[in-house]
Amino acid sequence: MLRLLSRKVGSLVYPVNQVRPRFKSQLSVAFNQIPATKMSRLKFPFVSPSSSSSGLFGKKDLCSYEGFYELEKQAELRVKGLINEAFSQESANKRKMVEIFDDISNELCCVADLAEFVRTSHPNDNYRQSANLIFSQISQMVERLNTNLELYVKLKDSLDTEKSKLDECDTRVCKLFLADFEQSGIHLDRSSRSKFVAINDQLVNLLMKFQINSQQPSLINVNDLDPKYQHVLKYFRDPIQVDTMYINSDDELIREFVYKSFLQENKVQEGFFKSIISKRKEIAKLCGFESYSHRANINMIMDSPPKIVKFLDQCSKVIEQKSIDDYEKMSEFKRTKLNSSQPLHQWDVPIISSRIKKTLLDLDRSQYLNYFSLGTCMEGLNLILNNVFNVNLEMQKLKPDESWHSDIYKLAVKENSNNSLLGYIYCDFYQRAEKFSNVDCHFTIQCSKLRQDNTYQLPIVVLHLNFPPPGKDRPTLLSFEMMENLFHEFGHAMHSMFAKTRYQHVSGTRCSTDFAEVPSQLMEFYCRDPRILKKFAKHYATNEPLDDRTIEKLCQSKKMFTSCELQNQILNSMLDQAFHLEDFSERPVDIIEKYTQKYHHLPYVKDTYWHLRYTHLVGYGAKYYSYLVSKAIASKIWSECFEKDPLNSTAGELYRKKLLEFGGEKQPMELISSLIGIDVGSSNLVDSLTKNI
Ligand SMILES: [Zn+2]
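Keep in mind that what you see is a predicted model, and the values were worked out from it rather than measured. (Residues numbered from 1 in each chain as written. Predicted model: local features only at pLDDT ≥ 70, side-chain atom pairs only at ≥ 80, totals over all residues. Heavy atoms only, no water.)

Q: Is there a simple way to think about the environment of Leu108 in this case?
A: Along the chain, Leu108 turns up in helix H4 (residues 97-121). A residue is classified by how much of its surface remains accessible, and Leu108, at 6% relative accessible area, is buried. Residues Leu108 and Phe135, spaced 27 residues apart in sequence, show a C-alpha to C-alpha distance of 9.8 Å. Setting aside residues up to four positions removed in sequence, Leu108 forms contacts with Val79, Ile138, Met141, Val142 and Leu145. (Helix = DSSP H or I, 4+ residues; strand = E, 2+ residues; numbered from the N terminus. Buried < 20%, exposed > 50% of the residue type's maximum accessible area, 1.4 Å probe, protein only. Contact = heavy atoms within 4.5 Å.)

This is the structure:
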């Protein structure tokens, strides 16, 4: 631990609290056009490798897709060497067992993370297929290691045999590795363990099918159409396809029809859902846990289901009246402005809430959109990073074959104090027909970790977003939500860039789920703060700043109806707990109805199968609530450290050195209290989450 805390901090070039006037790079120029137009690149699709090819992500082996096999072979050889080292008596006194395990994990992750990204995101079939093959081979290798009893015993024994050598950090990471083994049923007898492996395989398969099915449109035969919806035929062809839950239409029946159709019953999907839940129960019981939620939350801040339920219950009570008031506003708008005699329904909420915002604030997208081009927002982000963390984003020229598409930008993150490189961020920002998913996310390609030569492995990440590409005479313009997503994903990226951990197993975003979303949600506070927006919102063509009044209104609009949004998240979190905690004999929709009655102001809509569409319910597996815990912590850090002066570099330095650098190397609550100087209990988290509602 001393090793980490005694690391030298580079002196600041710019005086504390001073906003840097200029930047080293003109990101706005670069990001307001497609990168290929600026760079001389090889033509896509891929051509034969030449001597000037750098290989994907600069990895020489990946000048062609066949290089994946070589990468995997090399990693396997090194893993074998490390396993020999673990069992060798001779080396027993040289390195700690946990260090050897982390090296094994690093070898496997470096190939698996890369393959995971390529198999989902590379436009070339050969690359995708070879990455897929390598990914499954590495997964099998991990499975074999995770069920290798001798290896587990070796690591477990090291807690005693190496006791005098282990510090707090070694012990914590060692225990996290052991917990991974135990979650894979290592401590079970032979027959239970093979049962565990079989159920796990079935689960992987079921989850994949559930995910794919959840995105299929609902098909409705015109002959089966309820007569009251006959007039929807004006808008749809036969058979009617519905691929969204909400539609922005003045016709209430259309809104109702779309909502109910999208959430209609699907027996196959219902079968997958029930199997996933029951197989998870089996796994939990097999490993000796009371429920799947008990098993999933073992290393979380709220490490038991009663704590989670209590937190959600308390939040629900605090926001109850505010959400009643908010929904009442919407009901009144529906009655008076939309002249409807019907009560407010789920399908009304998005359209009515956005119309109220528009009316009350007299705010239209066209008033501000031109002031938030992608380039302008990137300048804004860089302004924050320069001032708060004293680091700079620098546009890099991509080498031939280094990226997977001509749309990609590459950024280097560098310290201002000495220009040293912290890591690389590849930005895959634009929508493409073949892009695997419309979900915005952050991929780790390579983690930081302290190597044997005392240097750090360079972090490399990909930010995967879905912005519309620039037009002929106009750059990409970001809606407020897109800008929030951009800032959010950069929060994750900086967590990876700043990581200075001894072990890759806990590097950057590899911390517990309830802590991993803290840096990303903290960044969102910046784009909702008028003081920050005023510093960078400028017209892409004229450079004219956006007027203060529009900025204030924009930020105000983000504060409206937040209680309704939070109420949805609380209900989802409670359902996620209910499905993974209770033994129930009712149908899933009956559970949804029961919980909606208790936790939501609007009634459940009969015969809607929302759980078959909302993949987070099974995706997070009893951890959906953790997003709210992260949000509460981010809110606490914002109010304690940044709210008064968001660009304060002293606060930024502390946040980086006391929290971000550690990733998951320490308990999250320990990091938070060392940063803000007080212990944060569960009731504090309720206050933080609900205080601005
Ligand atoms: Zn996130």
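What follows continues from the structure just given.
Q: For this particular structure, what's the right way to read unusual backbone geometry?
A: As a rule of thumb, non-glycine residues mostly have phi less than zero, and peptide bonds are mostly trans rather than cis. Positive phi outside glycine occurs at Asn339, with the angle close to 50°. The residue Asn339 is located in the loop between helix H12 (305-336) and helix H13 (349-361) in this model. By relative accessible area, Asn339 is classed as exposed at 65%. Residues other than glycine seldom take positive phi values, yet Asn543 does so here, at roughly 70°.

Q: Can you help me understand helix H22 (residues 588-599) in this one?
A: The α-helix winds at 3.6 residues per turn, so residues separated by three or four positions along the chain end up facing the same way. Between its terminal C-alpha atoms H22 stretches 16 Å, which fits the 16 Å expected from twelve residues at 1.5 Å a residue. Burial in H22 covers these residues: Pro588, Val589, Ile591, Ile592, Tyr595, Thr596 and Tyr599. For H22, the buried positions fall inside an angular range of 150° around the axis, keeping them on one side. Residues of H22 that are exposed and point over 90 degrees away from its buried face: Gln597 and Lys598. If you follow the buried residues of H22, they end up packed against helix H10 (267-286), H12 and helix H21 (562-581). (Expected span 1.5 Å × (residues − 1). Arc of directions from axis to C-beta.)

Q: Got a minute to help me understand helix H6 (residues 149-161) in this structure?
A: Counted at 1.5 Å a residue, the expected span for H6 with its 13 residues is 18 Å, and the 18 Å between its end C-alpha atoms agrees. Within H6, burial applies to Leu151, Tyr152, Leu155, Ser158 and Leu159. Buried residues in H6, looked at end-on, bunch into an arc of 120°, giving them a common side. The exposed set on the far side of H6, more than 90 degrees from its buried face, consists of Glu150, Asp160 and Thr161.

Q: Would you mind showing me how to read the domain arrangement of the protein chain here?
A: By a widespread convention, an interface's size corresponds to the accessible area lost as its parts come together. Taken as a whole, the protein chain is organised into domain 1 (22-42 + 369-557), domain 2 (56-188), domain 3 (200-286) and domain 4 (305-320 + 561-690). Domain 1 and domain 3 are separated by 35 Å when their C-alpha centres are compared. (Domains from an automatic or database assignment.)

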